[in-house]
Amino acid sequence: MILVHLDITDSILLKSNDNSFHALYHIMKQMDLDNNIWYADKINKGHICLELKISSVTLEKMIASLKKRDLLVKRS
């Protein structure tokens, strides 16, 4: 198990050369920690786009990459 602290700006996810991990950091900050759920709505995605200074298309590609690696799993 890997422990990643989200209350610091010196996170290992933000130090990664893979920008998808930067998005993952912000996704994890938005998660409902009691239920392990991230609501992938327009508002949450918009905040991440603003933080990372990226377009929504770029964020969708990052999310797809995280899903492909099974770091994000769609819940039905």
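Read on for an overview of the structure. (Residues numbered from 1 in each chain as written. Predicted model: local features only at pLDDT ≥ 70, side-chain atom pairs only at ≥ 80, totals over all residues. Heavy atoms only, no water.)

**Some words on the packing of helix H2 (residues 19–30) against helix H4 (residues 56–68)**
Next, step 1: One can describe the packing of H2 onto H4 by two numbers: an axis separation of 9 Å at closest approach and a directional angle of 90 degrees. With respect to each other, H2 and H4 are oriented roughly perpendicular. Of the residues in H4, those in contact with Asn19, Ser20, Ala23, Leu24 and Ile27 of H2 are Leu59, Met62, Ile63, Ser65 and Leu66.
Next, step 2: For the contact of H2 with H4, the residue count by class is seven nonpolar, three polar and no charged. (Axes fitted to C-alpha atoms, helices over the stretch in contact; angles between N-to-C directions. Helix = DSSP H or I, 4+ residues; strand = E, 2+ residues; numbered from the N terminus. Parallel < 35°, antiparallel > 145°, perpendicular 65-115°, else oblique. Contact = heavy atoms within 4.5 Å. Nonpolar A, V, L, I, M, F, W, Y, C, P; charged D, E, K, R; others polar.)

**Here's the deal with the pattern of salt bridges**
Next, step 1: Tallied over the entire structure, the rule returns two salt bridges.
Next, step 2: A salt bridge links Asp18 to Arg69; its shortest N-O distance comes to 2.8 Å. One end of the pair, Asp18, is in the loop between helix H1 (12–15) and H2; the other, Arg69, is in the segment after H4, and 51 residues separate them in sequence.
Next, step 3: A salt bridge links Lys45 to Glu60, with the shortest nitrogen-to-oxygen separation between them at 2.6 Å. Placement of Lys45 in helix H3 (residues 42–52) and of Glu60 in helix H4 is noted, with a sequence separation of 15 residues between them. (Salt bridge = Lys/Arg side-chain N within 4 Å of Asp/Glu carboxyl O.)

**Section: the environment of Ile27**
Next, step 1: Structurally, Ile27 can be placed in helix H2.
Next, step 2: Among the residues examined, Ile27 registers a relative accessible area of 1% and is labelled buried.
Next, step 3: Each C-alpha atom, one on Ile27 and one on Ile48, is 7.6 Å from the other, the two residues being 21 residues apart in sequence.
Next, step 4: Beyond its immediate chain neighbours, meaning those up to four positions away, Ile27 contacts Trp38, Ile48, Ile63, Leu66 and Leu72. (Buried < 20%, exposed > 50% of the residue type's maximum accessible area, 1.4 Å probe, protein only.)

**Considerations on unusual backbone geometry**
Next, step 1: Within the chain, Lys53 stands out as a residue other than glycine whose phi angle is a positive 55 degrees.
Next, step 2: As for its placement among the helices and strands, Lys53 is situated in the loop between H3 and H4.
Next, step 3: Among the residues examined, Lys53 registers a relative accessible area of 74% and is labelled exposed.

**Some thoughts on H4**
Next, step 1: For H4, built from 13 residues, the straight-helix expectation of 18 Å at 1.5 Å per residue is met to within 8% by its first-to-last C-alpha distance of 18 Å.
Next, step 2: Within the sequence span of H4, burial applies to Leu59, Met62, Ile63 and Leu66. Down the axis of H4, the buried set is contained in an arc of 100 degrees. They therefore lie on one face. What points out from H4, more than 90 degrees from its buried face, is the exposed set Val57, Lys61 and Lys68.
Next, step 3: Packed against the buried residues of H4 are H2 and H3.
Next, step 4: With its phi angle positive at about 60 degrees, Asp70 sits one or two positions after the end of H4. (Expected span 1.5 Å × (residues − 1). Arc of directions from axis to C-beta.)

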